[in-house]
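If you want the building blocks of each chain, they are given just below.
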Amino acid sequence: MPHSPDAVEKASQTYHKPKKIDNHVTPRGIKTRRAGLDIPAGYRGPSAMTVQDWLNRCLFLETIASVAGMVESMARHLRSVRSLQQDDQSIIEESKNERIHQLIFLEMKEPGWLTRMTVFAVQAVTFPAFALAYMVSPRTHQRFVEFLEDEAVKTYTYLLEDMEHGHLDEWCITTAPLTGRNYYDLPDDAKVYDMIEDEARNRDMRRAIVHPIVGLQ
């Protein structure tokens, strides 16, 4: 389920300066992954993106985010089965949350064969990579997902700024898709801008949920 505005406001700010090696390695990994994502997504930076460019960008971003969360939730689910102990379901809900984000953008864009093949390729590469990373170091994997959320926050911030500065007027007047309005409990006349603004609140809320579960500070 999406996070309510009250829950987001109460979530503590959890960013810390890097101290351990995983905190130094994961940002570099994210920057490398982002560079590889920018090319197929056609990302050219704020103010230079069209509506279709932003749709492609968000689709690829949510594809990667949903894979990362599902790998983590699957691993924890299997550990729960092995240990015969109940596991927290918050991480699974977070992975579903990312999947809903992707469905929302798919409702706004009819993907062609090139988009479908690229998404398939991204998933084929990222799933085993995330699975291997989690098996080697769950802590590092979690940090990687956190910094991925940071990149998502940047993306949606740039997107909102483009809309506010008149580069994407279409989305300021276009009604948000039904899936987005229902998921975020928005009014029937809510615009795409309202939906994006609500979606851009994820990073610190995820940290507030996951840190106590995985034992991170």
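Residues numbered from 1 in each chain as written. Predicted model: local features only at pLDDT ≥ 70, side-chain atom pairs only at ≥ 80, totals over all residues. Heavy atoms only, no water.

As recorded in an unreviewed UniProt entry, the protein chain goes by Alternative oxidase and comes from Phytophthora nicotianae. According to the UniProt record, the Subcellular location (unreviewed entry) comment for the protein chain is "Membrane". Per its UniProt entry, the protein chain bears the Sequence similarities (unreviewed entry) comment "Belongs to the alternative oxidase family." (UniProt positions renumbered as here; feature names shortened; annotations may be inferred.)

Draft legend 1. A nonpolar patch on the surface, seen in detail. Nonpolar side chains collect at one region of the surface, where Met-70, Met-74 and Phe-127 lie side by side and expose about 240 Å² of accessible area between them. Within the element layout of this structure, Phe-127 appears in helix H5 (residues 113–136). A residue is classified by how much of its surface remains accessible, and Phe-127, at 35% relative accessible area, is partly exposed. (Patch = residues over 30% accessible without salt bridge, like charges linked within 9 Å, V, L, I, M, F, W, Y side chains within 5 Å. Areas by Shrake-Rupley, 256 points an atom, 1.4 Å probe, with all protein chains shown as cover. Salt bridge = Lys/Arg side-chain N within 4 Å of Asp/Glu carboxyl O. Helix = DSSP H or I, 4+ residues; strand = E, 2+ residues; numbered from the N terminus. Buried < 20%, exposed > 50% of the residue type's maximum accessible area, 1.4 Å probe, protein only.)

Draft legend 2. Layout of the nonpolar core. Of all hydrophobic cores here, the largest spans 39 residues; its most connected members are Tyr-156, Leu-159, Trp-171, Met-195 and Ile-196. At the level of secondary structure, the elements contributing two or more residues to this core comprise helix H3 (51–83), helix H4 (90–108), H5, helix H6 (138–164) and helix H9 (192–199). Considering each element in turn, this core owes the most residues, 12 residues, to H3. Met-195 has contacts with Ile-104, Met-108, Ala-176, Pro-177, Gly-180, Tyr-184 and Leu-186, leaving out every residue within four places of it along the chain. (Core = buried A, V, L, I, M, F, W, Y, C linked by side-chain atoms within 4.5 Å. Contact = heavy atoms within 4.5 Å.)

Draft legend 3. Expanded view of the environment of Asp-53. For Asp-53, the location among the structural elements is in helix H3. Separated by 10 residues in the primary sequence, Asp-53 and Tyr-43 place their C-alpha atoms 6.8 Å from one another.

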